[in-house]
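# Analysis of the macromolecular model
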Amino acid sequence: MACTVIVGGFFGDEGKGKIASYLAISDKLAAMVRAGCGTNAGHTVVYKGEKFKLRQIPCGFVNEKTKLYMSAGVLVDPEVIIKEIEETNTKERLKIDFHTGIIEPQHRERDTGTAISKIIGTTGSGSGPCNVDRASRVGKVAKDVPELAEYLCDVAREVNELIDAQENVVLEGTQGTFLSLYHGTYPFVTSKDVCASAICSDVGIGPTKIDDVLVIFKAYVTRVGEGPLEGELSEEETIKRGWQEKGTVTGRTRRASPFNYKLAKRAVFLNGATQCALTKLDVVFPDAKGIKTFEELPREAVGFIREVEAQLKIPVTLIGTGPGVEEIIDRRSDLLR
Ligand code: GTP
Ligand code: IMP
Ligand code: MG
């Protein structure tokens, strides 16, 4: 497996948290490194009957042997991360780069109730204003915050050394391809690029070090906040199909549309995907719930996966059949080298 990038293929909330936590256990990851944006992300991990809603800590925390890193490119809100370190009991193995950006209370204030935050429908987490201050070179970084002193390290160096030692490492992105500042539905996007190359840049990993890019798609598309959503269903139809979701960070209702092949193909080339995961298959095909082998899937579900592979021209290696970390079909040993 070596070094794998995990990136969202649509508008975030594809289930990256579940896939990342599964890989930490199944692939005995030496490290999981958080890339992407900041506390605007909400990743959900359901493990041993417990539900964790994380905005900062890498989802690989479920493997106690996995080292956890916050890369230089991301944003940390000290109040949020310190609470999550306690919740996940990760004080001994969580490290933050000296140069990670810091979200302050004033950033949250500037991200709430303003004209631009309403037009875009931001998460109010302060991530956008914090990245504005960072680009203006007036923002704080982690080494300026005494409460974080015990967690600081040179993340780029440590992660490069692990990769050079042939350890399994995952770079965990946030949001999704079409929320990228550069490649998304501008201006209805987040405050930075969040595609695979940006994920490498956040961590300080050169492109030659990456072995796999795993794009995560959900079996349908959701979007929270403003901006275009082709084929958007009415709220009534979304509820009827059982596709209605609530945002992890803001609690807002997510808009929904059927799986979008055009966007998915674009996500494949924008990220240089070598494989993809398909989550929430059980929501579209209830008979797939909890199934762990491809052969046991209902016929319509197999047809859908075959169609995705035919159109995207990459293998669907991981299939989500429920929210739990173990509710997954892992086809990698059948499909990859
Ligand atoms: P971001 O993209 O960073 O926002 O996070 P995320 O991709 O981890 O997704 P988020 O947690 O916001 O939403 C995904 C939801 O789907 C969570 O409630 C997960 O528990 C749930 N989930 C993930 N995979 C599956 C699956 O295969 N089946 C079912 N039924 N639920 C799933
Ligand atoms: P911001 O990132 O808070 O500035 O929000 C910009 C846009 O991205 C809004 O439409 C948000 O709803 C959306 N967004 C940001 N982070 C996430 C996420 O983790 N999941 C889904 N949507 C997000
Ligand atoms: Mg989310």
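Structure first, text after, so check above.
Here's what I pulled together on the structure shown here. (Residues numbered from 1 in each chain as written. Chains lettered and ligands numbered in written order. Predicted model: local features only at pLDDT ≥ 70, side-chain atom pairs only at ≥ 80, totals over all residues. Heavy atoms only, no water.)

## Notes on the coordination of the magnesium ion (ligand 3)
How we decide: Metal coordination here is assigned from N, O and S atoms located within 2.8 Å of the ion, or within 3.2 Å for Na, K and Ca; omission of water means that sites may look incomplete. Helix and strand assignments follow DSSP, with helices taken as H or I runs no shorter than four residues and strands as E runs no shorter than two, numbered in order from the N terminus.
The coordination sphere of the magnesium ion (ligand 3) contains the protein donors Asp13 (OD) and Gly42 (O), at a distance range of 2.0 to 2.2 Å. Within this pair, whereas Asp13 is found in the loop between strand S1 (3–8) and helix H1 (16–26), its partner Gly42 is found in the loop between strand S2 (31–34) and strand S3 (43–47), the two being separated by 29 residues in sequence.

## Section: the site of ligand 2
Operational definition: Here a residue is considered near a molecule or strand provided that any single heavy atom belonging to it is located within 4 Å of it. Under this definition, polar contacts are N or O atom pairs within 3.5 Å; protein pairs additionally need one hydrogen-donor-capable and one acceptor-capable atom, and for neighbouring residues in sequence, both atoms have to be side-chain atoms. Note that accessible areas follow from Shrake-Rupley with a 1.4 Å probe, and for residues the cover is restricted to the protein chains shown. Here the term charged refers only to Asp, Glu, Lys and Arg, the term nonpolar to Ala, Val, Leu, Ile, Met, Phe, Trp, Tyr, Cys and Pro, and the term polar to all other amino acids, Gly among them.
In the vicinity of ligand 2 there are 16 residues, among which Asn40, Thr123, Thr190, Val224 and Arg252 approach most closely. In this structure, an oxygen atom belonging to ligand 2 sits 2.6 Å away from a side-chain N or O atom of Thr123. Between an oxygen atom of ligand 2 and a main-chain N or O atom of Val224, the distance comes to 2.9 Å. The protein chains hide 96% of the 470 Å² of surface that ligand 2 would expose on its own. Each residue belonging to the shell around ligand 2 can be placed in one class, and the counts come to six nonpolar, eight polar and two charged.

## Some remarks on the site of ligand 1
Lining the immediate environment of ligand 1, one finds 21 residues, of which Asp13, Gly15, Lys16, His43 and Thr44 sit closest. Between ligand 1 and the protein, one listed contact pairs an oxygen atom with a side-chain N or O atom of Thr44 at 2.6 Å. About the coverage of ligand 1: the protein hides 92% of its 650 Å² of free accessible area. Looking at the shell around ligand 1, the elements that each hand over two or more residues are H1, S3 and helix H10 (281–284). Examining the composition of the shell around ligand 1, we find that three residues originate from one element, H1, more than from any other. Residue composition of the shell around ligand 1, by class: two nonpolar, 12 polar and seven charged.

## Things to note about the pairing of S3
Applied cut-off: Buried residues are those whose accessible area, probed at 1.4 Å on protein chains only, stays under 20% of the maximum for their type, while exposed residues exceed 50% and partly exposed ones sit between those limits. Pairing between strands is defined by DSSP: at least two bridges between the two strands are required.
Residues His43, Val45 and Tyr47 line the buried face of S3, whereas the alternating positions Thr44 and Val46 sit on a face that is not buried. Judged from the five bridges that link them, S3 and strand S4 (residues 50–54) form a sheet pairing that is antiparallel. If you follow Tyr47 over to S4, its bridge partner there is Glu50. The antiparallel hairpin formed by S3 and S4 contains two residues in its connecting segment, where Lys48 sits at a positive phi of about 50°.

## Notes on the nonpolar core
As a reminder of what qualifies: For the purposes of this section, nonpolar cores are sets of buried Ala, Val, Leu, Ile, Met, Phe, Trp, Tyr and Cys residues that join through side-chain atoms within 4.5 Å. The contact definition used throughout considers only heavy atoms, calling two residues in contact when any of these lie within 4.5 Å.
Among the nonpolar cores identified, the biggest contains 60 residues, and Val159, Leu171, Phe217, Leu278, Leu281 and Leu297 are the most heavily contacted of them. The element best represented in this core is helix H11 (residues 299–312), accounting for six residues. Apart from residues lying up to four places away in sequence, Phe217 is in contact with Gly9, Phe10, Glu14, Phe259, Ala264, Ala267, Val268, Cys276, Ala277, Leu278, Thr279 and Leu312. If you look at the next biggest cluster of nonpolar residues, it comprises 37 residues, including Tyr22, Ile57, Cys59 and Phe61.

## Some thoughts on the pattern of salt bridges
Keep this limit in mind: A pairing counts as a salt bridge when a side-chain nitrogen of Lys or Arg comes within 4 Å of a carboxyl oxygen of Asp or Glu.
With the rule as written, the count across this model stands at 23 salt bridges. Note that Arg110 and Asp133 form a salt bridge whose closest N and O atoms lie 3.1 Å from each other. With a gap of 23 residues between them, Arg110 in helix H3 (residues 105–110) and Asp133 in helix H5 (residues 127–135) connect regions that are remote in the sequence. By relative accessible area, Asp133 is classed as buried at 10%. One salt bridge in this structure joins Glu327 and Lys289, with 2.9 Å as the shortest N-O distance. Of the two residues, Glu327 sits in the loop between strand S15 (316–320) and strand S16 (328–330) while Lys289 sits in the loop between H10 and H11, which places them 38 residues apart along the sequence. Here the salt bridges do not stand alone but share partners, grouping Asp13, Lys218, Glu245, Arg254 and Lys280 into one network.

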